[in-house]
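Residue strings, one per chain:
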Amino acid sequence: YTRLLVRLIEMCARVGKLHIAYHYLMQAKSNDPSFNFAVGLYYHYAGNPTKALSNFKKSCVGSNKWLIPAKFEIFAILSNPDRKYIWVEKQPLSSAENLNECQRILDSLQSSGHIDDFTISLLKADLLCSQNTNESVSEADQIYEDLLKSKEKIPIACMTGHARCL
C-alpha cells in the first residue's frame, strides 16, 4: 500500500491538495522503511526539509528497495534546502557541509552501478548549480547543453536546469 501512498502524495502535491494526502498518511502509521519514505516525501513537498531528511534517512535503513529513491530525495533537499533560485542568490544555495554530503551521495550512486550516466550528469549539474559561483554555474550549463545535444533523453529536469543557468 505504500507505493499507492507515495503516488497519492505526489499527485496531491501537484494539484496543491497535500491535506488530502496528510489525512491518509496519518491513518497508515508504520515503522516500515517504505512508510518512512512516504512521510519524508510528504514533508518534502510540505516544505519541512528537516522532517523530510529525518524520514528519508530512516527509509535508507533496512530496505534496498527504498535506498536509491531516498538518496535522490536527500540529495535534492541537501543541495537546496530552502528552494532558492541561483539567479536571485549570490552565495551557495546550501552549506558546505550539505554540499559535501551531496557529493558523497553522488559518488555512492555512481559507484552503485544502478544509475545511468545521464542521471548522474543531471545530479552533477544540480550540485554545481547549488555551489552558485560563476564557474560552477557555467560548468553546469555546459553539462545541461551537452545532455540536450545528446538527445539520448530530454527530461524536463534537463531543460529547466539549462534555463536556470542562463
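All of these numbers come straight from a predicted model, not from anything done at the bench. Note on numbering: residues in each chain are counted from 1, in written sequence order. Local features are withheld for residues below a pLDDT of 70 in this predicted model, meaning they are given only at 70 or higher, and side-chain atom pairs are given and counted only at 80 or more; totals for whole chains, interfaces and linings count all residues. Only hydrogens and water are set aside; all other atoms, that is, all heavy atoms of the structure, feed into the side-chain values.

### A word on helix H7 (residues 117-131)
In this model, H7 (15 residues) spans 21 Å end to end at C-alpha, consistent with the 21 Å of a helix rising 1.5 Å per residue. Buried within H7 are the following residues: Phe118, Thr119, Ile120, Leu122, Leu123, Ala125, Leu127, Leu128, Cys129 and Ser130. The inward-facing, buried residues of H7 contact helix H5 (67-79), helix H6 (96-112), helix H8 (134-150) and helix H9 (156-165). N-cap assignment for H7: the residue whose side-chain oxygen lies 3.1 Å from the backbone N of Phe118 is Asp116. Secondary structure elements follow DSSP: runs of H or I of four or more residues count as helices, runs of E of two or more count as strands, with numbering from the N terminus. One fewer than the residue count of a helix, multiplied by 1.5 Å, yields its expected span. Under the scheme applied here, a residue whose accessible area is under 20% of the maximum for its type counts as buried, over 50% as exposed, and between as partly exposed, the area being computed with a 1.4 Å probe on protein chains only. The contact definition used throughout considers only heavy atoms, calling two residues in contact when any of these lie within 4.5 Å. Here a polar contact is recorded for every N or O atom pair within 3.5 Å, except that within protein the pair must consist of a potential hydrogen donor and a potential acceptor, and residues adjacent in sequence are included only if both atoms are side-chain atoms.

### Observations concerning the side chain of Ser94
The topology assignment puts Ser94 in the loop between H5 and H6. Only 3.1 Å separates the side chain of Ser94 from the side chain of Asn98, close enough to count as a polar contact. Once you skip the residues sitting within four places of it in the chain, Ser94 turns out to touch Leu78, Ser79, Asn80, Pro81, Leu99 and Ser130.

### A look at H8
Over its 17 residues, H8 runs 24 Å from end to end, which matches the ideal 24 Å to within 8%, given 1.5 Å per residue. Regarding H8, the residues found buried are Ser136, Val137, Ala140, Asp141, Ile143, Tyr144 and Leu147. The arc that holds the buried residues of H8, viewed along the axis, is 160 degrees, so those residues lie on one side. Facing away from the buried side of H8, by more than 90 degrees, are the exposed residues Asn134, Glu135 and Lys149. Considering only its buried residues, H8 is in contact with H7 and H9. Lys151 lies just past H8 and shows a positive phi near 55 degrees. Directions from the helix axis toward the C-beta atoms define the arc.

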